[in-house]
Amino acid sequence: MKFYESGDSSKPVIFLFPGTCCLYSSFEHVLDRLHPYFYTVTVSYDGFDPNEKTEFYSMEDECEKIELEIKKKYGGRIKAAYGCSLGGSFVSLLIQRKRIHIDHGIIGSSDMDEAGRLVAKIKSSMVVPFMYKMIHTGALPKLMQKKLNKTDEVKKELYNGFLNMFGIGKGGNPWITKQSIYNQFYSDLVTKVQHGIDVPGTTIHVFYATKMGKKYEKRYCTYFKNPDIRRHNMQHEELFCCHSAEWVKEVKKSVEGDR
């Protein structure tokens, strides 16, 4: 695991957590806009970093390494953390474990899916072949690419923004193993997030993409006590992928208050 720091170190620290099978570089398009307000630390998970030979083992194992970094470098406390999709699970787990302190935890339209071990094994085994090939080659399957080419420009912008998080069209990531992909999917499904998370001094903000469906708002209110739900008439992570200026403003308002 690596941590990529950038910006003015005198500014408040924000940790950035990538989504499933995504690299730290998925945050490149927002860093310059964040730097006037934050010192950014982008987390690069084990098994998904191009500069080391590691393998993703479990959510708990990654949390321990993140907590150690925050204790060592930032005195055990940071101003904010944004979790993109899977990253939202990391932010939730870090807050509930109470081994470090995060003033503002921001959940980025995460689905927060959970499953029993058997179902998690089946789901993970099914997704690995498809994800492995796509991530290794850096290209969509031909049939999916043909469908994408036929979509209207609005949808194409959304899909391309989402695919950019996975590094599609950037040459592929041959160092990522099938085991890392499997372990990340499986561990995310079986690692339980507590209900009613409520930590003194921590505010949890949720960027709720309403087009995902009402069940997700209910889910957020189950996992977090009194979350600050910020609704956007968008799809999953559309705000982050396709509207970087608006996303940064929303992050800033979450941390500083609506002023």
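Residues numbered from 1 in each chain as written. Predicted model: local features only at pLDDT ≥ 70, side-chain atom pairs only at ≥ 80, totals over all residues. Heavy atoms only, no water.

By the naming in an unreviewed UniProt entry, the protein chain is Alpha/beta hydrolase, taken from Ruminococcus hominis.

### Details of helix H8 (residues 214-223)
Because each turn of an α-helix spans 3.6 residues, side chains separated by three or four positions end up pointing in the same direction. Listing the buried residues of H8 in full gives Tyr216, Glu217, Arg219, Tyr220 and Tyr223. The buried residues of H8 occupy one face: seen down the axis, they fall within an arc of 160°. H8 presents Lys214, Lys215 and Lys218 as exposed residues on the side facing more than 90 degrees away from its buried surface. Elements in contact with the buried residues of H8: strand S6 (203-209) and strand S7 (228-232). (Buried < 20%, exposed > 50% of the residue type's maximum accessible area, 1.4 Å probe, protein only. Helix = DSSP H or I, 4+ residues; strand = E, 2+ residues; numbered from the N terminus. Arc of directions from axis to C-beta. Contact = heavy atoms within 4.5 Å.)

### Quick notes on the packing of aromatic side chains
A complete count under the given rule lists 17 aromatic pairs for this structure. Plain terms: the ring middles of phenylalanine 15 and phenylalanine 17 are 6.3 Å apart, the flat faces sit at 35° to each other, and that makes the pair tilted. Assigned by exposure class, phenylalanine 15 and phenylalanine 17 land together as buried. Considering the side-chain rings of tyrosine 182 and tyrosine 186, the 5.8 Å spacing of their centres and the 5° angle between planes classify their relative orientation as stacked. Here tyrosine 182 pairs with tyrosine 186, and both are found in helix H7 (residues 178-190), just four residues apart, close to one helical turn. Using a relative accessible area of 14% as the deciding quantity, one classes tyrosine 186 as buried. Here the aromatic cluster, defined as three or more aromatic residues joined through ring pairs, consists of Phe3, Phe15, Phe17, Tyr45, Phe48, Phe56, Tyr74 and Phe90. Positioned above the aromatic ring of tyrosine 132 is the side chain of lysine 178, whose terminal nitrogen or guanidinium carbon lies 5.0 Å from the ring centre. (Phe/Tyr/Trp six-rings, centres within 6.5 Å; stacked < 30°, edge-to-face > 60°. Lys NZ or Arg CZ within 6 Å of the ring centre and 35° of its normal.)

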